[in-house]
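# Notes for the structure review
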Amino acid sequence: MKVYNKIIIALLAVFILIQFFRPEEIDKGIPMKPLAGVPKNVNAILQYSCFDCHSSQTNWRWYDKITPANYLVASHIREGRSALDFSKFNDLPKPQQNSTIYYSVNKILSGEMPLPDYAAIHSSARLSENDIQTLKEYALSLTPGKPSESSSKSLKNEIKFNQKVKNSPNGLAYVPGFRNWKAISTTDRFDNGTMRIIYGNDVAVKAIENENINPWPDGAVLAKAAWKENVNADGNISIGNFVQVELMVKDSRKYAKTKGWGWGRWKGTDLKPYGDSPDFDKECIECHKPMKNRDYTFTSPLYLISQLKKIQK
Ligand code: HEC
Ligand code: HEC
């Protein structure tokens, strides 16, 4: 019994001691305002479920302030806010606001957000079936089924994607039509200064709809195109120059030596092929390798509009 008491006292002592260790203060950020143009009920749902980590309006509960929980919460907030900060929402151009909403709803439908371990403890962050339905209907009302269209209107300095272009040093041919494919995802990281859209050809889109993307079927082609984001003096973001397009062409036999994919990158307005030697694609593979169990692709495709409609029924 004595030993038992000693252990309890020792644990208590450690617990009290660690309370002196606190995570670094998180800076306050931009004051949160209601999301412009977003219906009140949608705003309210995002507020109680998401803003804790994705805005300057953090809401620490007493138990979040206890060490070591505070370290975890602080890192969630820091990481969450750097990935997506709703405090900056009102300054974004409309197409980006829409894609933020669309992307957010997708993260909810896929069960990734709100972070499950957080929602388990913080009941206020949990979403009801009704909440999810409301968000889904709102996302659908934004007709994000055509993200490539809405974004292409805002894409200035559009270049001639149909120009004649040299093959990649490994022999892979450029595919001019990719701009007309469906956008299957965007990684719009406001922090790194580029906006990226990932497109899929018909085979890829069909595979997504049938949830048959691991491995991707032969014939699937994924394109990742990047544009610069310009920030003007008022902090507004606009789409700047085209940076590059990268292709991954699936053919498990033809490209067996390069993990089943043909890799290519074309840069700048003249779409100059990237790479000095035929095995330049080692570099691509090296970085995509951690995704080996997902057929070397990073992107989790967004639920396409056709899938959203199916879920809605
Ligand atoms: C406990 C904190 C927390 C809560 C609550 C939370 N998130 Fe997140 N969220 C994160 C973190 C951390 C990341 C970055 C790491 C990741 O992608 O898993 C993230 C990433 C995201 C991303 C991806 C951004 C990108 O660029 O890849 C989206 C979109 C997102 N969250 C939406 C939401 C929505 C919508 C809600 C509310 C329904 C929500 N989150 C609630 C912590 C949180
Ligand atoms: C430094 C790491 C890195 C290198 C090198 C790299 N990629 Fe990627 N690639 C990524 C990441 C991360 C993504 C996920 C999307 C994003 O965050 O932009 C991605 C996404 C893609 C996609 C969209 C499909 C997917 O996997 O999500 C294509 C296509 C692609 N890359 C092609 C290439 C090609 C071709 C090369 C070589 C010329 C290359 N990549 C080199 C990191 C890399």
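Quick note: structure is the one above.
Presented here is an overview of the structure given in this document. (Residues numbered from 1 in each chain as written. Chains lettered and ligands numbered in written order. Predicted model: local features only at pLDDT ≥ 70, side-chain atom pairs only at ≥ 80, totals over all residues. Heavy atoms only, no water.)

### Let's talk about the coordination of the iron atom of ligand 2
Among protein residues, the single donor to the iron atom of ligand 2 is H288 (NE2), with a metal-donor distance of 2.1 Å. Relative to the elements of secondary structure, H288 occurs in helix α9 (residues 282-288). (Donors = N, O, S within 2.8 Å, 3.2 Å for Na, K, Ca; no water. Helix = DSSP H or I, 4+ residues; strand = E, 2+ residues; numbered from the N terminus.)

### Brief notes about the coordination of the iron atom of ligand 1
Only H54 (NE2) and M113 (SD) from the protein coordinate the iron atom of ligand 1, and they sit 2.0 to 2.2 Å from it. What the six donor atoms of the iron atom of ligand 1 show is an angle range of 85 to 178 degrees at the metal, which sorts the shape as octahedral. Highlighted residues: H54 in helix α2 (residues 40-54) and M113 in the loop between α4 (94-109) and α5 (116-121), separated in sequence by 59 residues. Overall, the relative accessible area of 28% leaves M113 in the partly exposed class. (Tetrahedral: all angles 85-135°; square planar, octahedral: opposite > 155°, others 65-115°. Buried < 20%, exposed > 50% of the residue type's maximum accessible area, 1.4 Å probe, protein only.)

### So, the site of ligand 1
Neighbouring residues of ligand 1: 19 residues in total, closest C50, C53, H54, M113 and Y118. Residue H54 places a side-chain N or O atom 2.8 Å away from a nitrogen atom belonging to ligand 1. Here an oxygen atom of ligand 1 and a side-chain polar atom of Y103 are 3.4 Å apart. (Near = heavy atom within 4 Å. Polar contact = N/O pair within 3.5 Å; in protein donor to acceptor, adjacent residues only side chain to side chain.)

### As for the site of ligand 2
Around ligand 2 there are 19 residues in total, and R196, C284, C287, H288 and T299 lie nearest to it. Contacts to ligand 2 include H288, whose side-chain N or O atom sits 2.9 Å from a nitrogen atom. Residue F298 places a main-chain N or O atom 2.8 Å away from an oxygen atom belonging to ligand 2. Listed by contribution, the elements that provide at least two residues to the shell around ligand 2 are β3 (221-231), β4 (237-250), β5 (261-267) and α9. When residues of the shell around ligand 2 are assigned to their parent elements, the largest contribution, four residues, is made by α9. When grouped by side-chain class, the residues that make up the shell around ligand 2 number nine nonpolar, five polar and five charged. (Nonpolar A, V, L, I, M, F, W, Y, C, P; charged D, E, K, R; others polar.)

### Points about the packing of aromatic side chains
Counted under the stated rule, the structure contains nine aromatic pairs. Ring plane angle 40 degrees and centroid distance 6.2 Å describe the contact between F86 and F89, whose orientation is recorded as tilted. Overall, the relative accessible area of 2% leaves F86 in the buried class. Classification of F89 by relative accessible area gives buried; the value is 2%. Ring pairing ties together the aromatic residues F161, Y174, F178, Y199, W227, F242 and W266, which thus form one cluster. Of note, R265 hangs over the ring of Y274, and the distance from its end group to the ring centre comes to 4.4 Å. (Phe/Tyr/Trp six-rings, centres within 6.5 Å; stacked < 30°, edge-to-face > 60°. Lys NZ or Arg CZ within 6 Å of the ring centre and 35° of its normal.)

### Observations concerning helix α8 (residues 202-209)
Burial in α8 covers these residues: A204, V205, A207 and I208. Within α8, the buried residues cover an arc of 160 degrees as seen down the axis, which keeps them to one side. Among the exposed residues of α8, those oriented more than 90 degrees off its buried face are D202 and K206. E211 sits one or two positions beyond α8 and adopts a positive phi of about 50 degrees. (Arc of directions from axis to C-beta.)

### Quick notes on the pattern of salt bridges
Summed over all chains, the structure comprises seven salt bridges. R265 is the partner of E283 in a salt bridge, and the nearest nitrogen-oxygen pair spans 4.0 Å. A residue pair is termed long-range when its members are at least 10 positions apart, and E283 in helix α9 and R265 in strand β5 qualify at 18 residues. In this structure E283 comes out as partly exposed when scored by relative accessible area, which is 43%. Given the relative accessible area of 17%, R265 is considered buried. Put simply, K224, E246, R265 and E283 are held in one network by salt bridges that share partners. (Salt bridge = Lys/Arg side-chain N within 4 Å of Asp/Glu carboxyl O.)

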